[in-house]
Amino acid sequence: MSSESPGILYCHCTYAQVIDPAVKAAVLRKLCDSGQSFEAVADLCEMAARQDPALKRLAGGETVKIAACFPRAVKWLFASAGAPLDPARTEVLNMRDRPEADVSARLAAPDLQPNLPTGKTTAADAPKPGASSGH
Amino acid sequence: MALRDQSYLRVVLYEGNDAEPLASESRFDAVSRLLNQGFALTRVGVGGRTAPADDRPALVLGQFRAGLEPNALSTENVRVKNISGLTGEQIAGAVESRRVEQKAVQHGGWKPWFPVIDYDRCTNCMQCLSFCLFGVYGADREGHILVQSQDNCKTNCPACSRVCPEAAIMFPKYKAGPINGDEVKDSDLQREKMKVDISALLGGDIYSMLRVRSERAQSRFSKERDSDKALTERQKCLTKLAAAGDIPPEVLMSLPSPEEIMRRAEEAKAKAQAALAAQK
Ligand code: SF4
Ligand code: SF4
């Protein structure tokens with residue numbers, strides 16, 4: 001097992017029909033057949049709402065490629081669960097608007113092309129869930 | 001039980017050393033079924049990295065080679081199961097039984113629909129907090145806006161994203177950008193800004209509009225004793241709101257009474273004011 005190759009996280013977006021099922025199926029099938037280790041989750045949104053501690057584990061690796069939806073949504077979903085992604089170490093592959101072949105090719109590629117949007121606030125600086133004042 | 005207090009089961013499909021890889025079709029079938037049932041899964045193959053083990057219950061599935069006794073490898077928290085010869089359906093059934101045994105969360109009971117704030121855009125104006133009647137928003141100790149009760153959000157209702165002047169509120173499962181997380185373009189921002197004040201679009205404050213409509217309906221009700229008419233009146237009002245704010249009619253129909261709406265609106269306003277005061 002190489003510690004150089006980025007980890008892979010696939011989101012199946014189980015509880016909505018926003019990603020073409022044919023795209024999801026083709027990406028997942030290629031991943032399954034690749035022999036690669038990977039993490040697959042039913043629905044990142046659901047995990048974020050539950051503040052599933054697994055998100056910290058998934059975000060905390062060295063580098064990660066995430067096949068899900070829009071990078072801006074993925075960035076702030078993880079942040080909302082107290083598991084900010086490192087913009088320098090994360091590449092999000094958008095299955096909502098990129099062809100399946102592109103997503104699969106990027107998942108298989110050994111390099112990482114970080115693409116989280118950056119702005120005035122780092123995800124780590126954002127208000128922390130659980131720190132509610134009870135207002 | 002609150003969403004955040006539930007426990008869950010980690011499933012590991014082991015195809016590394018000492019295990020026979022599954023046939024391509026069986027693997028895809030098993031993985032797809034588990035994801036469709038709401039489970040998260042780690043596939044351990046011959047290369048690549050996976051997230052480290054943690055202390056939550058896990059079920060390790062594999063076609064283990066002869067001589068490896070799954071029971072001997074199991075611990076209280078980590079159960080190892082030989083899946084040689086099992087169909088995808090049987091594998092999914094075994095995982096579900098383990099979930100029940102562990103009293104882990106049953107997925108799929110709730111569509112994960114809730115706002116996600118883009119803090120790169122948010123100016124902490126608290127309009128969303130004052131707008132939401134369902135207590136979805138709150139503030140941290142420093143007075144920063146937070147989404148604090150995701151499961152209070154009304155499924156498929158993106159109304160609060162319409163009141164955000166900065167297009168900072170996303171619903172990742174929404175159909176269109178920028179609410180779904182797609183980039184915010186200048187033209188979007190103009191459009192969102194135009195929608196800032198839903199009440200302006202409707203020609204009045206929505207809460208008072210609901211109240212006035214309700215009063216009118218009530219007085220007619222008392223005169224005519226025609227409950228259908230009162231309901232039709234409310235429906236008409238809600239339909240207008242739905243068209244203006246992209247709010248599903250069923251969500252609007254489940255709104256509390258106008259009096260309760262007023263009470264909650266006051267409460268939300270007070271919360272927002274307290275949060276704004278805390279920022280100073
Ligand atoms: S993160 Fe995106 S792809 Fe994943 S469940 Fe949420 S909306 Fe679907
Ligand atoms: S309305 Fe928008 S900008 Fe204002 S606090 Fe809410 S998310 Fe932030």
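For the structure, see preceding data.
Conventions and cut-offs
Residues numbered from 1 in each chain as written. Chains lettered and ligands numbered in written order. Predicted model: local features only at pLDDT ≥ 70, side-chain atom pairs only at ≥ 80, totals over all residues. Heavy atoms only, no water. Helix = DSSP H or I, 4+ residues; strand = E, 2+ residues; numbered from the N terminus. Buried < 20%, exposed > 50% of the residue type's maximum accessible area, 1.4 Å probe, protein only. Contact = heavy atoms within 4.5 Å. Areas by Shrake-Rupley, 256 points an atom, 1.4 Å probe, with all protein chains shown as cover. Expected span 1.5 Å × (residues − 1). Axes fitted to C-alpha atoms, helices over the stretch in contact; angles between N-to-C directions. Parallel < 35°, antiparallel > 145°, perpendicular 65-115°, else oblique. Left-handed = near helix turned anticlockwise from the far one by under 90°. Nonpolar A, V, L, I, M, F, W, Y, C, P; charged D, E, K, R; others polar. Buried area = accessible area lost by both parts, 1.4 Å probe. Salt bridge = Lys/Arg side-chain N within 4 Å of Asp/Glu carboxyl O. Pairing = 2+ DSSP bridges. Near = heavy atom within 4 Å. Core = buried A, V, L, I, M, F, W, Y, C linked by side-chain atoms within 4.5 Å.

Q: In this structure, what is going on with the overall build of chain A? I would like to understand it.
A: If you tally the helices and strands in chain A, you get five helices and four strands. The helix and strand sequence of chain A, counted from the amino end, reads β-α-β-α-α-β-α-β-α. C-alpha extents for chain A along the principal axes are approximately 50 × 35 × 25 Å. The proportion of buried residues among the 135 residues of chain A is 60%. The long-range share in chain A, meaning contacts at least 24 apart out of those at least 6 apart in sequence, stands at 72%.

Q: I'm lost on the overall build of chain B in this one. Help?
A: Tallying secondary structure elements over chain B gives eleven helices and nine strands in all. For chain B, the exposed surface amounts to about 13400 Å²; the carbon and sulfur share of it is 51%.

Q: In this structure, what is going on with helix H1 (residues 24-36) of chain B? I would like to understand it.
A: Side chains three or four residues apart in an α-helix point the same way, a direct result of the helix having 3.6 residues per turn. All names here are of chain B. Here H1 contains 13 residues, and its C-alpha end-to-end distance of 18 Å stays within 8% of the 18 Å for a straight helix at 1.5 Å per residue. Within H1, burial applies to Arg27, Phe28, Ala30, Val31, Ser32, Leu34 and Leu35. With its phi angle positive at about 100°, glycine 38 sits one or two positions after the end of H1.

Q: Quick question: what am I supposed to make of the packing of H1(B) against helix H3 (residues 88-101) of chain B here?
A: For any two helices packed against each other, one specifies the inter-axial angle together with the distance between the axes. All names here are of chain B. The contact between H1 and H3 brings their axes to 8 Å, and the two run at 40°. For the element pair H1 / H3, the angle class is oblique. Remark: the crossing between H1 and H3 carries right-handed chirality. Together, Asp29, Ala30, Arg33 and Leu34 of H1 and Gly88, Glu89, Ile91, Ala92 and Val95 of H3 make up the contact between the two elements. Residue composition of the contact of H1 with H3, grouped by class: five nonpolar, one polar and three charged.

Q: Looking at this model, I keep getting lost on the interface of chain A and chain B. Mind explaining?
A: How large an interface is tends to be reported as the accessible area lost when its parts come together. Between chain A and chain B, the contact holds 63 residues from the first and 68 residues from the second. For the pair chain A and chain B, the two sides together bury roughly 5500 Å², of which 53% comes from carbon and sulfur. In this structure, the connection of chain A to chain B is made through six salt bridges. Note that B:Asp118 is salt-bridged to A:Arg72, the shortest N-O span being 2.7 Å. Elements with a minimum of two residues in the side of chain A that touches chain B: strand S1 (7-11), helix H1 (21-33), strand S2 (38-41), helix H2 (44-49), helix H3 (54-59) and helix H4 (71-80) of chain A. It is H1(A) that provides the largest number of residues to the side of chain A that touches chain B, a total of six residues. Here the residues of the side of chain A that touches chain B sort into 29 nonpolar, 20 polar and 14 charged. Sheet analysis places S2(A) next to strand S3 (residues 40-44) of chain B, joined by three bridges and oriented antiparallel. When the sheet's bridge partners are listed, A:Glu39 is paired in S3(B) with B:Thr42.

Q: Please clarify how the site of ligand 2 should be interpreted in this entry.
A: Around ligand 2, the structure places B:Cys122, B:Thr123, B:Asn124, B:Cys125, B:Met126, B:Gln127, B:Cys128, B:Ile145, B:Cys164, B:Pro165, B:Glu166 and B:Ile169. For the shell around ligand 2, the class distribution of residues is eight nonpolar, three polar and one charged.

Q: I'm lost on the nonpolar core in this one. Help?
A: Soluble globular proteins tend to bury their nonpolar side chains together. Counting 68 residues, the largest nonpolar core has A:Leu44, A:Leu55, A:Ile66, A:Phe78, B:Tyr137 and B:Ile145 as its most contacted members. Per-element tally for this core: the top contributor is H4(A), with six residues. Leaving out residues up to four positions away in the same chain, A:Leu44 has contacts with A:Leu9, A:Cys11, A:Leu55, A:Ile66, A:Ala68 and A:Phe78. Counting 35 residues, the second-largest nonpolar core is a separate cluster that includes A:Leu28, A:Ala40, B:Val31 and B:Leu61.

Q: Would you mind showing me how to read the site of ligand 1 here?
A: Neighbouring ligand 1 are the residues A:Cys11, A:Cys13, A:Ile19, A:Asp43, A:Leu44, A:Cys45, A:Ala68, A:Cys69, A:Leu77, B:Pro172 and B:Lys173. Bordering ligand 1 are residues originating from chains A and B. When its residues are assigned to classes, the shell around ligand 1 shows nine nonpolar, no polar and two charged.

Q: Whenever I open this one, the packing of H1(A) against helix H5 (residues 100-108) of chain A confuses me. Can you help?
A: Residue and element names in this part refer to chain A. As a packed pair, H1 and H5 sit with axes 9 Å apart at the nearest point and diverge in direction by 25°. The angle between the axes of H1 and H5 places the two elements in the roughly parallel class. Crossing angle aside, the handedness with which H1 passes H5 is right-handed. Residues Val23, Ala26, Val27, Lys30 and Leu31 of H1 lie in contact with H5, whose contacting residues are Glu100, Val103, Ser104 and Leu107. Here the residues of the contact of H1 with H5 sort into six nonpolar, one polar and two charged.

Q: Honestly, the pattern of salt bridges in this entry has me stumped. Any pointers?
A: For side chains bearing opposite charge, pairing can occur when the charged atoms are close. Residues and elements named next belong to chain B. Within the structure shown, the criterion is met by 20 salt bridges over all chains. Between glutamate 20 and arginine 65 there is a salt bridge, with the nearest N and O atoms lying 3.6 Å from each other. Note that glutamate 20 is positioned in strand S2 (residues 19-20) and arginine 65 in the loop between strand S4 (58-64) and helix H2 (70-73), a separation of 45 residues in sequence. The partly exposed category is assigned to glutamate 20, whose relative accessible area is 41%.

Q: I keep staring at the environment of B:Arg65 and nothing clicks. Help me out?
A: The class for B:Arg65 is partly exposed, based on a relative accessible area of 39%. When the C-alpha atoms of B:Arg65 and B:Glu25 are compared, they prove to be 20 Å apart, with 40 residues separating the residues in sequence.

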